Amino acid sequence: MNSRFNKKVFPAMVLTGIIVFFAGLLSSCSKSSQDDLLDSVPHNAKIIAAVNLDMILKNAGCKFNNGTITLSDDLAALRDRYCQDRADAVNMVLLTASTLDLKRVILYRLDNLDPVITFKIKNKEIFTALATGAAGGMESVGHFSVFNLDGCVIMTSDDIGWISTSTSNIEQSMARKGKKRHQVFDNIVSFINASNQAIAMAVNLHTAIDAAPRNGIVQGFENTWITGEATLSDNILGLEFKAVNNEGEALDVSPYIGEVSPDFLRYTPDNTQFLTAFGNIAGMNELYSVIRTALSPELRETIDPLVPYINEIDGTTSIAINPVATGDNLSQFSFDTWDVTFMTHLPQRSVDALNSIINHLSTPNTATDDQSVMIGNQEVFYGNYDGYFAASTRPISSDYNNSFAMATQGSRAMIVVDIPYNSETMKAFDLPYGVYLSIKLESSALKGKMKFNGSNSPFLAALASAAAYYARANPLPDLVTETVTDEYHDDSMIEDELQPVK
């Protein structure tokens, strides 16, 4: 990864996540009104999500006081930097938010249409007046009121509103609403209604499955939805996803991938900052055929002789990466700055055969007591370790005592990133905090956890702080200095300020 990616693309990805969270400020509804909102969602929607903006705003550091919500300094800085071309929409957010119920917003999307956000209005009169002022007028289309803002349109009817890119997009999505709710949709609605987390969502896999190659794994996931929840617990973001069938039952991946064995951990260096491991996969050769297309000709030439052994993998495969250099050199990925350890479990005869192949393909390094070969200018250590074939750019040892056991327990596949606070890696990538991220596939769920090492702030507040850190360190050219107010008020305060609308 080059430094340009490190200092430009990575912060942009983080900032985009912040902006997406707060773009939904235009809409919300209460728990008691969920049924009303979901009744307006077309039954053939491919994506449905519910967001608890009250929970998100508080976790992001916004202050709630007597009906007034104030953005944190970090969020205000991000707003001023990234929402300048949406000034009307931002003003609309700040002016009308207290006329809405902040407990829940529903987002849905149909095939070939842009997403639509629907929300519940608490005070229609004040909302309409403020929306008319922000949009410069109001249009009537049938029984809908329409407000056109920069880059988006708001439509309302009674106490429900919709937001999307155009009036046509909203009308088309509503025109596709099914006449009869089917059991699958009812199961999804029940799941979303039962959730009290920051985000609850469901994605219909029908389109993706139809486009995928026909094999055992894909066929096992036909007619399924992916359901998921995001939880905010102080400084930790939690994620959990499941694949559910038409009856709402979670599907089991056990027939397709075996459980990860923790045996490899004692060969995993203590200072590992990236670790991935997965159990035995049915159809491993098909998986390699896909990966092969992304490999360089040199890597293909090295790996292709090993392909016959791929089908014989009968246990866990792991890759561990740990830093060996210091300073800015860590931002340039190479074997001089990062060590890589690879292990995979095979029958004994296969491990012996692989060792023999390597001995014949490369010149043994006689300067070391460990079994190793020189591949180009790189010394690679290899051998048979407890039934695993292992290869590493550092001497292989079983004396490690790392902290990855919990992430491994019960997993079928796992990824862990752990960058300590004040570490050389954090400094090399100019990170304000360290990062901990774990993704764990269990038999019937995919679970994730993320936090910032070195920060005790709520997760979204820390994320906003990290994003603002990059914004301040990388100022935009020709930055416009005009800002909008940080506050919006409760109904009584707005009524005092409200002027008649012509």
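See above for the structure.
Residues numbered from 1 in each chain as written. Predicted model: local features only at pLDDT ≥ 70, side-chain atom pairs only at ≥ 80, totals over all residues. Heavy atoms only, no water.

Undergrad: Honestly, helix α7 (residues 167-175) in this entry has me stumped. Any pointers?
TA: What sets the pattern is the α-helix's 3.6 residues per turn: residues three or four places apart point alike. Within the sequence span of α7, burial applies to Thr 167, Asn 169, Ile 170 and Ser 173. All buried residues of α7 fall inside an arc of 165° around its axis, so they share one side. On its buried face, α7 sits against β4 (105-109), β5 (116-120), β7 (144-149), β8 (152-157) and β9 (160-164). (Buried < 20%, exposed > 50% of the residue type's maximum accessible area, 1.4 Å probe, protein only. Helix = DSSP H or I, 4+ residues; strand = E, 2+ residues; numbered from the N terminus. Arc of directions from axis to C-beta. Contact = heavy atoms within 4.5 Å.)

Undergrad: Would you mind going over the nonpolar core with me for this structure?
TA: Burial of nonpolar side chains together is a common tendency in soluble globular proteins. In terms of nonpolar packing, the biggest core is built from 40 residues, with Ile 56 and Phe 127 touching the most fellow members. When residues of this core are traced back to their parent elements, those giving at least two are α3 (53-59), α4 (73-82), β5, α6 (124-135), β7, β8, β11 (225-233) and α17 (459-473). Within the second largest apolar cluster, 26 residues are counted, among which are Val 116, Phe 144, Val 146 and Trp 225. (Core = buried A, V, L, I, M, F, W, Y, C linked by side-chain atoms within 4.5 Å.)

Undergrad: How should I be thinking about the pairing of β9 in this particular structure?
TA: Moving residue by residue along a regular strand, the side chains alternate between the two faces of the sheet. Burial of β9 is extensive: 5 of the 5 residues sit out of reach of the surface. Burial of the side chains of β9 extends over both faces: Ile 160, Trp 162 and Ser 164 are buried on one face and Gly 161 and Ile 163 on the other. Where β5 and β9 come together, 4 bridges link them in antiparallel fashion. Bridged to Ile 117 within β9 is Ile 163. With 5 bridges connecting them, β8 and β9 associate as antiparallel partners. From the neighbouring strand, Thr 156 faces β9, where its bridge partner is Gly 161. (Pairing = 2+ DSSP bridges.)

Undergrad: Looking at this structure, I do not really get the environment of Ala 445. What am I missing?
TA: Relative to the assigned elements, Ala 445 resides in the loop between β21 (434-441) and β22 (446-453). Its relative accessible area of 6% is what places Ala 445 among the buried residues. A C-alpha to C-alpha distance of 6.7 Å links Ala 445 and Glu 240, two positions 205 residues apart in sequence. Sequence-distant contacts of Ala 445, defined by excluding residues within four places in its chain, comprise Glu 240, Phe 241, Lys 242 and Lys 440.

Undergrad: For this particular structure, what's the right way to read unusual backbone geometry?
TA: Negative phi values dominate among residues other than glycine, just as trans dominates among peptide bonds. Even without glycine at this site, Asp 386 takes up a positive phi of about 55°. Along the chain, the position of Asp 386 falls in the loop between β18 (378-385) and β19 (388-392). Even without a glycine there, the phi angle at Asp 430 is positive, about 55°. Its location among the elements puts Asp 430 in the loop between α16 (424-428) and β21. Judged by its relative accessible area of 25%, Asp 430 is partly exposed.

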